[in-house]
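# Architecture at a glance
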Amino acid sequence: MFFAAFDLPTASPSAGLSWPDVALSFFAIVLEGTPFLLLGAIVSGLVDVFLPAGLIKDWLPRSKIHGMFTALGTGVILPLCECGALPIVQRLIRKGVPPSVAATYMLAAPALNPLAMFSTFLAFRNQDPWLMVVLRFAFSLVVLVFLGLWMVRLRPDQMLRAETLVGLTKKNQELSPNPDLIQIPRPGWSLGGLQQFTGAVIRDFTGVLLFLVIGAAVAALFSTGFNRNLLAPIGQNLILGPLAGILLAQLLCLCSSTDAFIIAAFAPFSVSAKIAFLVAGPLIDLKLYWLYRSAFPARFVHGLWIRALAATFLLTLLYAFRS
Amino acid sequence: MIDRLTRQITFFAPAAVMSAWGTVMLHTIASGHINRILSPTLRSYVLVAAVLLLVLSALHLFLYDPASDPTPSASGRWRHLIRWLVLLLPVVAASILSPSALSSTTLANRALDSTTGAIPMASMGAANNQNVQAALSADPNQPVPVEVTDLITLSQSPEQMKAFAGRKVRTVGLISNQDGSSKLVRWIMWCCAADAQPSSVALDNDISSGTKDGTQWVEVTGTAQFPSTLGHVVPKIEVDTIKPTQEPDEPYLSP
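Residues numbered from 1 in each chain as written. Chains lettered and ligands numbered in written order. Predicted model: local features only at pLDDT ≥ 70, side-chain atom pairs only at ≥ 80, totals over all residues.

## Digging into the overall build of chain A
Looking only at helices and strands, chain A features 15 helices and zero strands. By the burial criterion, 60% of the 323 residues in chain A qualify as buried. Taking all contacts inside chain A whose residues are at least 6 apart in sequence as the whole, residues at least 24 apart take part in 84%. (Helix = DSSP H or I, 4+ residues; strand = E, 2+ residues; numbered from the N terminus. Buried ≥ 20, exposed ≤ 12 C-beta atoms within 10 Å, placed from the backbone. Contact = placed C-beta atoms within 7 Å.)

## So, the packing of helix H1 (residues 2-30) of chain B against helix H3 (residues 77-97) of chain B
All names here are of chain B. Contact geometry for H1 and H3: axes closest at 10 Å, N-to-C directions at 15 degrees. Of the possible angle classes, the one that applies to H1 and H3 is roughly parallel. Crossing hand, H1 versus H3: left-handed. Mapping the contact onto sequence places Thr6, Ile9, Ala13, Ala16, Val17, Ala20, Trp21, Val24 and Thr28 in H1 and Arg77, Leu81, Trp84, Leu87, Leu88, Val91, Val92 and Ser95 in H3. Tallied by class, the residues present in the contact of H1 with H3 amount to 13 nonpolar, three polar and one charged. (Axes fitted to C-alpha atoms, helices over the stretch in contact; angles between N-to-C directions. Parallel < 35°, antiparallel > 145°, perpendicular 65-115°, else oblique. Left-handed = near helix turned anticlockwise from the far one by under 90°. Nonpolar A, V, L, I, M, F, W, Y, C, P; charged D, E, K, R; others polar.)

## What about the domain arrangement of chain B?
When the domains of chain B are assigned, the result is domain 1 (2-97) and domain 2 (104-244). Counted by class, the side of domain 1 of chain B that touches domain 2 of chain B contains three nonpolar, one polar and one charged residues. (Domains from an automatic or database assignment.)

## Re the nonpolar core
Grouped together as the largest cluster of nonpolar side chains are 169 residues, with contacts concentrated most on Phe26, Ala28, Val89 and Leu212 of chain A. Sorting elements by how many residues they give to this core places helix H1 (residues 19-50) of chain A first, with 16 residues. Of the residues that make up this core, three or more belong to each of domain 1 (2-97) and domain 2 (104-244) of chain B. Setting aside anything within four residues of it in sequence, one finds Val89 of chain A in contact with Ala102, Tyr105, Met106 and Ala295 of chain A. (Core = buried A, V, L, I, M, F, W, Y, C linked by C-beta atoms within 7 Å.)

## With respect to the pairing of strand S2 (residues 168-178) of chain B
Residues and elements named next belong to chain B. Counting buried residues along S2, eight of its eleven residues qualify, which places the element largely inside the surrounding structure. When strand S1 (residues 144-145) meets S2, the two strands line up parallel, connected through two bridges. Bridge pairing in S2 links Val144 to Val169. By the bridge criterion, five bridges tie S2 to strand S3 (residues 181-188) in an arrangement that is antiparallel. (Pairing = 2+ DSSP bridges.)

## A few points about the packing of helix H10 (residues 191-225) of chain A against helix H2 (residues 40-63) of chain B
Contact geometry for H10 of chain A and H2 of chain B: axes closest at 10 Å, N-to-C directions at 125 degrees. Considering the angle they form, H10 of chain A stands oblique to H2 of chain B. Between H10 of chain A and H2 of chain B lies a crossing whose hand is left-handed. Across the interface between the two elements, Leu194, Gln195, Thr198, Val201 and Ile202 of chain A from H10 of chain A touch Leu56, Leu59, His60 and Leu63 of chain B from H2 of chain B. When its residues are assigned to classes, the contact of H10 of chain A with H2 of chain B shows six nonpolar, three polar and no charged.

## Some points on the confidence of the model for chain A
All names here are of chain A. Summarising the model, chain A shows a mean pLDDT of 85, and 87% of its residues fall at 70 or more. Within the model, the stretch residues 1-13 combines pLDDT values under 50 with 57 contacts to residues more than four positions away or in other chains. When the criterion is pLDDT under 50, residues 167-184 qualifies, and its contacts beyond four places in sequence or with other chains add up to 28 contacts. (pLDDT = per-residue confidence, 0-100.)

## Considerations on H3 of chain B
Counted at 1.5 Å a residue, the expected span for H3 of chain B with its 21 residues is 30 Å, and the 30 Å between its end C-alpha atoms agrees. Leu85 of chain B marks the point of greatest bend in H3 of chain B, at about 25 degrees. Here H3 of chain B has its buried residues at Leu87, Val91, Ala94 and Ser95 of chain B. In this structure, the buried residues of H3 of chain B make contact with H1 and H10 of chain A together with H1 of chain B. (Expected span 1.5 Å × (residues − 1). Bend = angle between axes of the 7 residues up to and from the residue.)

## Quick notes on the environment of Arg228 of chain A
Residue placement: Arg228 of chain A occurs in the loop between H10 and helix H11 (240-252). Judged by local crowding, Arg228 of chain A falls into the buried class, with 24 C-beta atoms found within 10 Å.

## As for H2 of chain B
The periodicity of an α-helix, 3.6 residues per turn, causes residues three or four positions apart to be oriented the same way. For H2 of chain B, built from 24 residues, the straight-helix expectation of 34 Å at 1.5 Å per residue is met to within 8% by its first-to-last C-alpha distance of 35 Å. Along H2 of chain B, the residues that are buried comprise Val46, Ala49, Ala50, Leu53, Leu56, Ser57 and His60 of chain B. On its buried face, H2 of chain B sits against H1 and H10 of chain A together with H1 of chain B.

## Thoughts on the environment of Asn177 of chain B
Residue and element names in this part refer to chain B. Here Asn177 lies in strand S2. Taking the number of C-beta atoms within 10 Å as the measure of exposure, Asn177 has 20 and is therefore buried. For Asn177 and Pro158, which are 19 residues apart along the polypeptide, the C-alpha to C-alpha distance reads 28 Å.

Rendered as structure tokens:
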């Protein structure tokens, strides 16, 4: 049996910040995310050129609520990381998928990801792994249903940035998220098709990359400069523990397949604090906030942020009181 | 004149940004700096992305359709320019400024206080267990090559700890001096340097000749000990020799 521990007995809370380390962390986050973002942009370009808008509409359930539950299921069986999901989600919205359904998939893909559940099991192998996996999945699902039910009530103009809503749709009505779509012949395999594909990939890639750069800068700053031991004294507290877990998730901005390994080693946190960390982190954090801003307006993202964190806090608080 | 300049920027900027990113990525791979940044599985993805970005830059220059990209309005020109600069400058600057190892400052921020108890990291099982078995069965008269994490693994098992205490060991790591005590540190990386966590063993005396910033690689030979403080074992090396050494090919330990 292998055991490793992260220890450093003399860590002082006033350690400060190393700017070269921020540069290293920033560089690492953007290099890690860029291949997935590019993959997402390429898939988005292929969808743009080859997939008729009507087809997606035919696939989707007629009711938005059914669509929302379909998106949750798709999040489990078609996992995607956050960076890769964003260009595809924006393209699907322009192809006529209701924004609430597309956004539910965007949130569900990293949060309900089987890989995230598997890594949670591995990370907590010596600390009641099934409990952690079941709580993570169940709480994530409850929060996602709550967020989905909120989003289906919103109008597209409340959820989308002006340019996603109308910017590129003035010339081409098919790009409109308006449900009354007009089908236009796809260029398919032709020079025009390649031209449209290249243009779409580059626009989607650079459009989201800008927000990845901003998000990575913020994430690098906090994941490098924030002293994790500052939260240790409140990690076991019934009420403050889950809050500390949520706060740490917001600051560290870890991917959902990695976060369990980091928090499993964090002995000062109670189970509810760790679950709060694992549920809130994949839904939104300081990096995801900026990535979401590439598609959605600030007002919507702020609403999503508050609701996601409040729901996570309430659930983990209930669990803390029960156990 | 300004309109023409804006149109030129609109045309060239995407190709410039994507080729810059592709070149930075290829340079990071070619120089080996990528080993300090990403875990082995993700490195090949960066290589593929770099090549694709260069291909996309060329396709953009040949196939660009001005009609698909509306010229920004007068008020949007600055935003347009700043957007391309944000895409271009930070990544180039970070590739130049990023150091070879995370410093002691970040070590203190990312480390967890061991007095609260060490939690086993089960995911890192098989490989390290092999190391430990090999170390236990090695020739007791020769220093055994071990990793910092092997000593921590041993410290979690009373039987193995007892069998190994007093053995001569040889190991490499980054030297860190803080608050009058010295440690030998190895960083463990899951995906990238942003999620790297430090793992350390104590050295028996303050190695004041070492650098303070935690970026100096050293090879330490000495005797492994497992002293217990308030019921918590912190592995320690009683140092015989300590000398600067080359950075290992893989500076981070992977799970």
